[in-house]
Amino acid sequence: MQSRAIRYRPTVEALDGATSSNLMQVSLSIILAGLVMLLLGSNSLLSWCNNLPVGQVSDSLVSICQTWQDALTQIGLTWFAETIRAVLRSFEALRWG
Amino acid sequence: MLFPTLNFGLFFVVVFAGAWSLQRWHRVRLGFLVAASYVFYGFWDWRFCFLLFGSSFGNWAFGRAIATTNNPGRRKGLVAIAVTLNLLLLGFFKYCNFFLDQANAVLDALGGVREVPYLDIVLPVGISFFTFHGISYVVDIYRRKLDRPATLLQILLYISFFPQLVAGPIVRASHFLPQLAKTVDPRGIKATGAYLLILGGLFKKVVVANYLATDLVDPVFFDPTSFGTLDLLLATYGYAVQIYCDFSAYTDIAIGVAALFGYQFPQNFDQPYRALGLRDFWQRWHISLSSWLRDYLYIPLGGNEGGWRRYRNLMLTMLLGGLWHGAALHYVIWGGLHGTGLVVEHLLLPDRTRLQRWSWVARAVGIVMTFHVVCLAWIFFRAADIDHAVQFLGGFARWDLTPSQITPFTLTLIIGGIAAQFLPRDRMARLEWLSRPIPIALQGALVGAGIVAVDSLGPDGIAPFIYFQF
């Protein structure tokens, strides 16, 4: 039986042809992403603080995050995350029949 | 430190700011990224940082020694020693306890009273991946794919760079080292594509993979005797989708994060469940590992050389690929099933280009058959041991049990996960093109909202990525 050459599929760059941005624009976009997460994801931030090792710094952080979350709840900004979670939970709880 | 956590988010922001502020001082930047990568790795167990450094240093030293001699025999000897040492290191951590167990079993059978003491060895996270990177470097130097040996700093970063350190993709030395030799361009960050990969990866891991694991796959595979045909069948499909979403999510996020630092990694998954045949599957699944096995194992074994040796090489490569996942029979059977399938395919369809001429019906049947062969092998891969796998397969005859784990939600995840395999191959490029008119700052805000949405959708807590254990 003859040997056959191995067929090579060329390496594909995952981001071939993607558009490039400069560092200033990317830095700004990351800062904005962080700000949006602070505004919309205060609940997760509080959970994260609650899981930090016990200490003076973490106590202060928990207190700040709690105040932050209370403030955002008052102005209704926790609605986004809560609604998404509630919709998914109700879908997850669905059963046949 | 797992990607979908706030810890990683904070780590990323600090490293991003530090690395780009040092962009003008190339070597300082590389040193900073090395330090950051060791911090990232040290989060699991700081003691393994010494192992990582030792492996990198050893490979660098062997690379230099190989590059500085032209004596073919000496070069061959050096690369053989380097590869053997790498494999011994990997083998010690992965298989030492297995061999001690076997030794004790033999002693027991011989009526011996002395037991070989059991060593409490913890498998270092990502050891396979950094070992493969090390082997790739010394072999690429030996094969003269690199025009000069890398500096120690470059090797330290090549092996430890945190996005790919613990679960790949396995980036070739000849692909990544030239990038580390150049100064990165702060005007060439492919941020839009990177954001899409990161968001998509987070969704696949946090939502699809995690829910499929907790709501369907884990309970069914834990005790397959309690479930009937339909539960077992959908748990098999569910695992196929789960492992794809879990693993491809990790590499998508790794590729996206690396892109934000100005580096390019190759694609690692290409819609594997639309593969027509197992050869096609292995060109779409964990591409960096399958091509690594091809170039550093299959070809040195003889590759496609004529006669039965081709089939022996295929079988050996797949069996060793299975054994790499763990010293257990169920992994070997997983590799054996793939090896057997590949041999049969080579025998029945020696000319793969003919597949392209099949009618669409024949191609559809071929795709469905390939998917089910892959699913059958996944049962052995996922089962805790061979007994569980046999119990699982035996359960397919239990038609009398009412399905209990299938819900509209898990079914939607499975159907969605499989349907996504048939989206256009250039879907990411299309999405990226559609996103271009959105100002990059607004893209950042949308990414922030997207991350909050994914986090809210996910279950409480994040399971580690499946491939961390290998």
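Residues numbered from 1 in each chain as written. Chains lettered and ligands numbered in written order. Predicted model: local features only at pLDDT ≥ 70, side-chain atom pairs only at ≥ 80, totals over all residues. Heavy atoms only, no water.

## So, the packing of helix α5 (residues 127–142) of chain B against helix α6 (residues 152–160) of chain B
The angle between the axes and the distance between the axes are what describe a pair of packed helices.
Residue and element names in this part refer to chain B.
Phase 1: Two numbers describe how α5 lies on α6: the axes approach to 9 Å, and their chain directions differ by 135°. In terms of their interaxial angle, α5 and α6 are classed as oblique. Of α6, the residues touching α5 (which contributes F130, H133, G134, S136 and Y137) are I155, Y158 and I159.
Phase 2: Residue composition of the contact of α5 with α6, grouped by class: five nonpolar, three polar and no charged. (Axes fitted to C-alpha atoms, helices over the stretch in contact; angles between N-to-C directions. Helix = DSSP H or I, 4+ residues; strand = E, 2+ residues; numbered from the N terminus. Parallel < 35°, antiparallel > 145°, perpendicular 65-115°, else oblique. Contact = heavy atoms within 4.5 Å. Nonpolar A, V, L, I, M, F, W, Y, C, P; charged D, E, K, R; others polar.)

## Side note on the confidence of the model for chain B
Phase 1: Looking at chain B as a whole, its pLDDT mean stands at 89, while 99% of the residues score no less than 70.
Phase 2: As scored by the predictor, the complex reaches a pTM of 0.89 and an ipTM of 0.86. (pLDDT = per-residue confidence, 0-100.)

## Some details on the confidence of the model for chain A
Phase 1: Of the residues in chain A, 86% have a pLDDT of 70 or more, and the chain-wide mean is 85.
Phase 2: Here helix α2 (residues 42–50) of chain A stands out as the element of chain A with the lowest mean pLDDT, 87, in contrast to helix α1 (residues 23–40) of chain A, whose mean of 94 is the highest.

## Let's talk about the packing of helix α14 (residues 360–382) of chain B against helix α15 (residues 386–394) of chain B
Residue and element names in this part refer to chain B.
Phase 1: α15 packs onto α14 with a crossing angle of 140° between their chain directions and a minimal axis gap of 8 Å. Relative to α15, α14 is oriented oblique. Residues L376, I379 and F380 of α14 pack against I386, A389, F392 and L393 of α15.
Phase 2: A class-by-class count of the residues in the contact of α14 with α15 yields seven nonpolar, no polar and no charged.

## Topic: the side chain of Q271(B)
Residue and element names in this part refer to chain B.
Phase 1: You can see Q271 is positioned in the loop between α9 (229–260) and α10 (278–282).
Phase 2: Using a relative accessible area of 1% as the deciding quantity, one classes Q271 as buried.
Phase 3: Those residues in contact with Q271 that sit more than four places away from it in its chain are R284, A420, Q421, F422, L423, P424, R425 and R427. (Buried < 20%, exposed > 50% of the residue type's maximum accessible area, 1.4 Å probe, protein only.)

## Observations concerning the domain arrangement of chain B
Residues and elements named next belong to chain B.
Phase 1: Assigned domains of chain B: these are domain 1 (6–102 + 121–184) and domain 2 (191–276 + 358–457).
Phase 2: Here domain 1 and domain 2 have C-alpha centroids that lie 29 Å from each other.
Phase 3: The interface of domain 1 with domain 2 comprises 24 residues on the first partner and 15 residues on the second.
Phase 4: When domain 1 packs against domain 2, the two sides together hide about 1600 Å² of surface, and 75% of this comes from carbon and sulfur. (Domains from an automatic or database assignment. Buried area = accessible area lost by both parts, 1.4 Å probe.)

## A few points about helix α4 (residues 72–109) of chain B
Residues and elements named next belong to chain B.
Phase 1: Taking 1.5 Å as the rise per residue, α4 with 38 residues should run 56 Å; its terminal C-alpha atoms sit only 48 Å apart, a clear shortfall.
Phase 2: Along α4, the largest kink reaches about 60° and is centred on Y95.
Phase 3: Near the N-terminus of α4, the side chain that reaches the backbone nitrogen of G73, with its oxygen 2.9 Å away, is that of N71.
Phase 4: Following α4 by one or two positions, G111 adopts a phi angle in the positive range, close to 80°. (Expected span 1.5 Å × (residues − 1). Bend = angle between axes of the 7 residues up to and from the residue. Polar contact = N/O pair within 3.5 Å; in protein donor to acceptor, adjacent residues only side chain to side chain.)

## Quick notes on the packing of aromatic side chains
Residues and elements named next belong to chain B.
Phase 1: Within this structure, the stated rule accounts for 56 aromatic pairs over all chains.
Phase 2: Measuring from centroid to centroid gives 5.7 Å for F11 and F40, while their planes differ by 35°, and the two rings are tilted. Of this pair, F11 sits in helix α1 (residues 6–21) while F40 sits in helix α2 (residues 26–42), placing them 29 residues apart in sequence.
Phase 3: According to the relative accessible area criterion, F40 is buried, its value standing at 0%.
Phase 4: With a centroid separation of 6.1 Å and an interplanar angle of 65°, the aromatic rings of F16 and F261 are classed as edge-to-face. With F16 in helix α1 and F261 in the loop between α9 and α10, this residue pair connects regions lying 245 residues apart in the sequence.
Phase 5: We classify F16 as buried; its relative accessible area is 6%.
Phase 6: The residue whose ring lies beneath R29 is W20, and the NZ or CZ to ring-centre distance is 4.6 Å. (Phe/Tyr/Trp six-rings, centres within 6.5 Å; stacked < 30°, edge-to-face > 60°. Lys NZ or Arg CZ within 6 Å of the ring centre and 35° of its normal.)

## Here we look at helix α18 (residues 440–457) of chain B
Phase 1: With 18 residues, α18(B) ought to run about 26 Å at 1.5 Å a step, and its terminal C-alpha atoms sit 25 Å apart, in line with that.
Phase 2: Burial analysis of α18(B) places 14 of its 18 residues in the buried class, which makes it a mostly covered element.

## Observations concerning the pattern of salt bridges
All names here are of chain B.
Phase 1: The final tally for this structure, using the stated rule, is 13 salt bridges over all chains.
Phase 2: Salt-bridge contacts for K205 lead to D246; the nearest nitrogen and oxygen are separated by 2.8 Å. With a gap of 41 residues between them, K205 in helix α8 (residues 191–222) and D246 in helix α9 connect regions that are remote in the sequence. The same class applies to K205 and to D246, which are both buried.
Phase 3: The shortest N-O distance in the salt bridge between D295 and R294 comes to 2.8 Å.
Phase 4: Note on D295: relative accessible area 7%, which makes it buried.
Phase 5: The structure contains a network of salt bridges with shared partners spanning R172, R294 and D295. (Salt bridge = Lys/Arg side-chain N within 4 Å of Asp/Glu carboxyl O.)

## Details of the environment of G341(B)
Phase 1: Considering the arrangement of structural elements, one finds G341(B) in helix α13 (residues 329–348).
Phase 2: Residue classification places G341(B) among the buried positions, given a relative accessible area of 18%.

## Observations regarding the interface of chain B and chain A
Phase 1: In this complex, chain B contributes 72 residues to the contact, which on the side of chain A involves 48 residues.
Phase 2: Buried area between chain B and chain A, summed over both chains or domains, comes out near 5000 Å², and the portion from carbon and sulfur atoms is 63%.
Phase 3: Our enumeration of links across chain B and chain A arrives at one salt bridge.
Phase 4: D460(B) serves as the salt-bridge partner of R85(A), at 3.3 Å between the closest nitrogen and oxygen.
Phase 5: For the pair chain B and chain A, the interface holds ten residue pairs in polar contact (both at pLDDT 80 or more).
Phase 6: Contributions of two or more residues to the side of chain B that touches chain A are made by α1, α8, α9, α10, α11 (287–301), α12 (308–325), α16 (408–419) and α18 of chain B.
Phase 7: Sorting elements by how many residues they give to the side of chain B that touches chain A places α18(B) first, with twelve residues.
Phase 8: A per-class count over the side of chain B that touches chain A returns 35 nonpolar, 19 polar and 18 charged.

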